[in-house]
Amino acid sequence: VEHARSGFERGLTRSMSWRQGQLDAMADMLRENSDRFIDALFEDLHKPATEAWTTEVGFTLADIDHQKKHLEKWAEPRKVKVPLAYQPATGRIVPEPKGVVLIIAPWNYPLQLLLAPMAAAIAAGNAIVAKPSELAPATSAVVTELCAQYLDESTITVVEGGVEESNALLEQRFDHIFFTGGTRVGKIVMRAAAEHLTPVTLELGGKSPAIVAADADVDVAARRIAWGKFVNSGQTCIAPDYVLVARPLRDQLVAAIEQSVTDFYGNDPHTSNDYGRIISDDHFDRISGLLDDADRGTVAFGGTVDATDRYIAPTVLIDPSPEAAVMSEEIFGPILPVITVDEMDEAIDFVNARDKPLALYVFTDDDATAKRTIERTSSGGVGVNGTILHIGPPDLP
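The structure displayed is predicted, hence computed values, not measured ones.

If you walk across this open sheet you meet the five strands as β5-β4-β3-β6-β7, and the pairing is parallel. In this open sheet, the two strands that pair with only one neighbour each are β5 (156-158) and β7 (200-203). Each neighbouring strand pair of the sheet contributes to a mean axis angle of 10 degrees, computed without reference to strand direction. Pairing geometry for strand β3 (residues 100-104) and strand β6 (residues 176-180), over four bridges, is parallel. Bridged to Ile104 within β6 is Phe179.

Set out below in structure tokens:
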């Protein structure tokens, strides 16, 4: 941290040429070593090559390209109006780097969720200490090795390790902390940041609902929900965590989701090259344990597990109890509860009675229904007739 701060205080990160150069170097690193990253992601998560490129390598390259195109405009001072009483004074807002930024990445998208925040911090002219997840060790090792080769070591450092190293980092003084992960650790990060009054960005999880209205196109909804839920074996913070569906459509929707799973992964996803695995034995035990709960509802399809391979089949549960474990904690795995409702107000009330979700999805052919759902709920982001894709456009927050 002291090394990074020394580089920042010497002004090494402030120039446009440094920022553009480091973004170019990160893009070169990704393009020239894409096979190594894809192999590492397969080793850690059994992530298929196409999925690894789309959600990790390609996503980050697009983000870097966006930063480069807009960087100089974002960094320009902006004039503001000054009241007559203060004239002939003039006023400007001058964007400036924060200083030394700590970025702590999670294991589920271990490349994208480390490098994309690093790219943003570079674009803003900051020095960086970055901590990849120890639960994705192959990706952590590759990204640490290559960042040291491609990026400016006097201002950008990647630190490997586990809880001990993370705690040691959090004891240091930073100028901003960006953490992606679970709520429990997010609270630890915020408490540590409070000691130095360090501003934080916490991108946490939650139970993100999908609402399927009575007028929705069932086949479209099923296919897009199945993709959003089962990509990366459900280990996505904005994956649909549960579905609220109008009663007349429930059985049709469940059947269509099952058909979509077959279309994506074949009759036996366990043998599919396109279906991932759970990251660790601990996470496998936690997720598979949700299926042992007596209140979990009816298994419509799936439900099979293989501990030796950390495999959990794409699974749909029908009408679990609201008190079931699968409805009280973020699933973060390939289990999808489907809950029957009789009207949209019931679905909206169900969502509002719980913690604010990171994402919310509504499927409807009626613009008024979509508008009413958005106005009466609050979430980090919303997708209408789609899942996950709202994080793609770089101009959306």
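Three or more residues of helix α7 (residues 163-170) are buried, namely Ser166, Leu169 and Leu170. For α7, the buried positions fall inside an angular range of 95 degrees around the axis, keeping them on one side. Of the surrounding elements, those touching the buried residues of α7 are β3, β4 (127-131), β6 and α8 (183-194).

In this section: the packing of aromatic side chains. Any pair of aromatic rings gets described here by the distance separating the centres and the angle formed by the planes. Inspection of every chain in the model, using the stated rule, returns five aromatic pairs. Both rings, one in Phe264 and one in Tyr265, keep their centres 5.9 Å apart while their planes meet at 80 degrees; by these two values the pair is edge-to-face. Under the relative-accessibility criterion, Phe264 is labelled partly exposed at 22%. Both rings, one in Tyr275 and one in Tyr311, keep their centres 5.9 Å apart while their planes meet at 75 degrees; by these two values the pair is edge-to-face. With Tyr275 in the loop between α10 (250-265) and α11 (281-290) and Tyr311 in strand β12 (residues 311-312), the pair connects residues that are 36 residues apart, well separated along the chain. Pair check on accessibility: Tyr275 and Tyr311 agree, each one buried. Every member of this aromatic cluster is reached through a ring pair, and the members are Phe264, Tyr265, Tyr275 and Tyr311. Its guanidinium or amino end placed over the ring of Phe350, Arg354 lies 3.6 Å from that ring's centre, counting from NZ or CZ.

Criteria and cut-off values
Residues numbered from 1 in each chain as written. Predicted model: local features only at pLDDT ≥ 70, side-chain atom pairs only at ≥ 80, totals over all residues. Heavy atoms only, no water. Pairing = 2+ DSSP bridges. Helix = DSSP H or I, 4+ residues; strand = E, 2+ residues; numbered from the N terminus. Axes fitted to C-alpha atoms, helices over the stretch in contact; angles between N-to-C directions. Buried < 20%, exposed > 50% of the residue type's maximum accessible area, 1.4 Å probe, protein only. Arc of directions from axis to C-beta. Contact = heavy atoms within 4.5 Å. Phe/Tyr/Trp six-rings, centres within 6.5 Å; stacked < 30°, edge-to-face > 60°. Lys NZ or Arg CZ within 6 Å of the ring centre and 35° of its normal.

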